[in-house]
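Chain by chain, the residues run as shown.
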Amino acid sequence: MLKRLRAAHPICYCILTAVLFLAAMEVGMTLFELVLVLLGPAAVRPFVQETFLLQAVNELFGLLAGLFLLGRTGRLWVCRQRGRGFLDGLLVGMFSFVMVSMVLSVNLALAGPAQGAAVKPLWQIAAFFLCMFLIGLAEETVFRGVVAQTLLERFGAGPAGVWKACLLSGLVFGAVHLTNLRASAPVGVLVQCCVTAALGMLYAAVYFRGGNLWVLVFLHTMQDTAALINMGLYQSTGSISGVVSSYDPSMLRGALIYLVPTVFLLRKSRLPEIAAFWSRCLPPPEETA
């Protein structure tokens, strides 16, 4: 059924993918928290002390949803595909890597010591980095490996198809962040949705150019690590919902920062190269039916 839906109604399939991703995390976490309560205070304590550990479990359920969809539609090969290779793919995404490195440097310079904050215990720092990795792995598996891949196969690897797949996959990625309205200020969430939609377009462009999903996992992990490094390393430095609530419309400039390299990566002179690469990688039409 999933194969038929993917082939006949790819946009509906992508929306269903996003819904399933969110539902898997919601239901999975409810069951997980119930198990913790049944196990008693000793099992609950680590997750109360370090919320990033609980978030890591949450992302694991989302990852399982993405892998389920890839497996049921015969697309697990996107996780194994080397494409241009990791290093060449990283060169394609160099703009994002440089930007992330700059943000990480600035945030580290302004981090805990300047505010007198204490460093977290090692196990909590490890939980933070695990969480950042699982966020990158889960979201790239779902939104590039499932959503962007589905749209590229639907619209084709020609110039118009690449741009449609890039735009729509970015919009789906941005829209998913509307769920943050449950805990964060509406203005901040809307700003986040716009910026993440542009970021999703950039990640899709890097994926289409390089064909290596693990490059995106690395960049996404670095992006989230750089943005939240203070909370990951130091005590009493706020919450993720508080960070999102602090976003204001001036940060929409970030969307433009992501859109410029997207246009550069998908410039006219490179589109034939993308078409040639994906014509070798995409399955024949009868395999998608």
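Here is what the cut-offs are and how they apply
- Residues numbered from 1 in each chain as written.
- Predicted model: local features only at pLDDT ≥ 70, side-chain atom pairs only at ≥ 80, totals over all residues.
- Heavy atoms only, no water.
- Buried < 20%, exposed > 50% of the residue type's maximum accessible area, 1.4 Å probe, protein only.
- Helix = DSSP H or I, 4+ residues; strand = E, 2+ residues; numbered from the N terminus.
- Arc of directions from axis to C-beta.
- Contact = heavy atoms within 4.5 Å.
- Core = buried A, V, L, I, M, F, W, Y, C linked by side-chain atoms within 4.5 Å.
- Salt bridge = Lys/Arg side-chain N within 4 Å of Asp/Glu carboxyl O.
- UniProt positions renumbered as here; feature names shortened; annotations may be inferred.
- Axes fitted to C-alpha atoms, helices over the stretch in contact; angles between N-to-C directions.
- Left-handed = near helix turned anticlockwise from the far one by under 90°.
- Nonpolar A, V, L, I, M, F, W, Y, C, P; charged D, E, K, R; others polar.

## Considerations on helix α15 (residues 271-281)
At step 1: All of the buried residues in α15 are L271, I274, F277 and W278. In an axial view of α15, the angular spread of the buried residues amounts to 125°, which keeps them on one side of the axis. For α15, exposure combined with an orientation more than 90 degrees from the buried face picks out P272, S279 and R280.
At step 2: The secondary structure elements touched by the buried residues of α15 are α9 (122-155), α10 (159-176), α11 (186-210) and α14 (253-265).

## A few points about the nonpolar core
At step 1: Within the largest apolar cluster, 60 residues are counted, with the highest numbers of intra-cluster contacts made by F143, F208 and W278.
At step 2: Take this core: its biggest share by element is 14 residues, from α11.
At step 3: Contacts of W278, omitting those with residues within four sequence positions, involve Q81, Q149, L152, A157, Y207, F208 and G211.
At step 4: Listed in part, the 13 residues of the second largest apolar core include F128, M132, I135 and L228.

## Some points on the pattern of salt bridges
At step 1: Taken as a whole, this structure holds 8 salt bridges when the rule is applied.
At step 2: A salt bridge links R6 to E153, with the nearest nitrogen and oxygen atoms 3.0 Å apart. Of this pair, R6 sits in helix α1 (residues 2-8) while E153 sits in helix α9; the two residues are 147 residues apart in sequence, bridging distant segments of the chain.
At step 3: According to the relative accessible area criterion, R6 is buried, its value standing at 8%.
At step 4: Judged by relative accessible area, which is 18%, E153 ranks as buried.
At step 5: For the salt bridge of E153 with R75, the shortest nitrogen-to-oxygen distance reads 3.1 Å. One end of the pair, E153, is in helix α9; the other, R75, is in the loop between α4 (51-72) and α5 (77-80), and 78 residues separate them in sequence.
At step 6: Residues joined in a network through salt bridges with shared partners are R84, R209, R270 and E273.

## With respect to the UniProt feature "transmembrane region" (unreviewed entry) in the protein chain
At step 1: Residues annotated by UniProt as "transmembrane region" (unreviewed entry) correspond here to residues 12-40, 52-70, 90-110, 122-143, 155-178, 184-206, 213-234 and 250-266.
At step 2: Annotated as residues 52-70, this span is 100% helix and 0% strand, and its ends, taken at the C-alpha atoms, are 27 Å apart.
At step 3: Across residues 250-266, the secondary structure splits into 76% helix and 0% strand, with the terminal C-alpha atoms separated by 27 Å.

## Overview of the side chain of Q223
At step 1: Within the secondary structure, Q223 sits in helix α12 (residues 213-233).
At step 2: Leaving out residues up to four positions away in the same chain, Q223 has contacts with S96, V100, L199, Y203 and Y258.

## Some details on the packing of α9 against α10
At step 1: Packing of α9 against α10 leaves a shortest axis separation of 8 Å and a crossing angle of 145°. For the crossing formed where α9 meets α10, the hand is right-handed. Contacts between α9 and α10 involve E139, F143, R144, V147, A148, L151, L152 and F155 on the former and, on the latter, G161, V162, K164, A165, L168, S169, V172, F173 and V176.
At step 2: Taken together, the residues that form the contact of α9 with α10 break down as 12 nonpolar, 2 polar and 3 charged.

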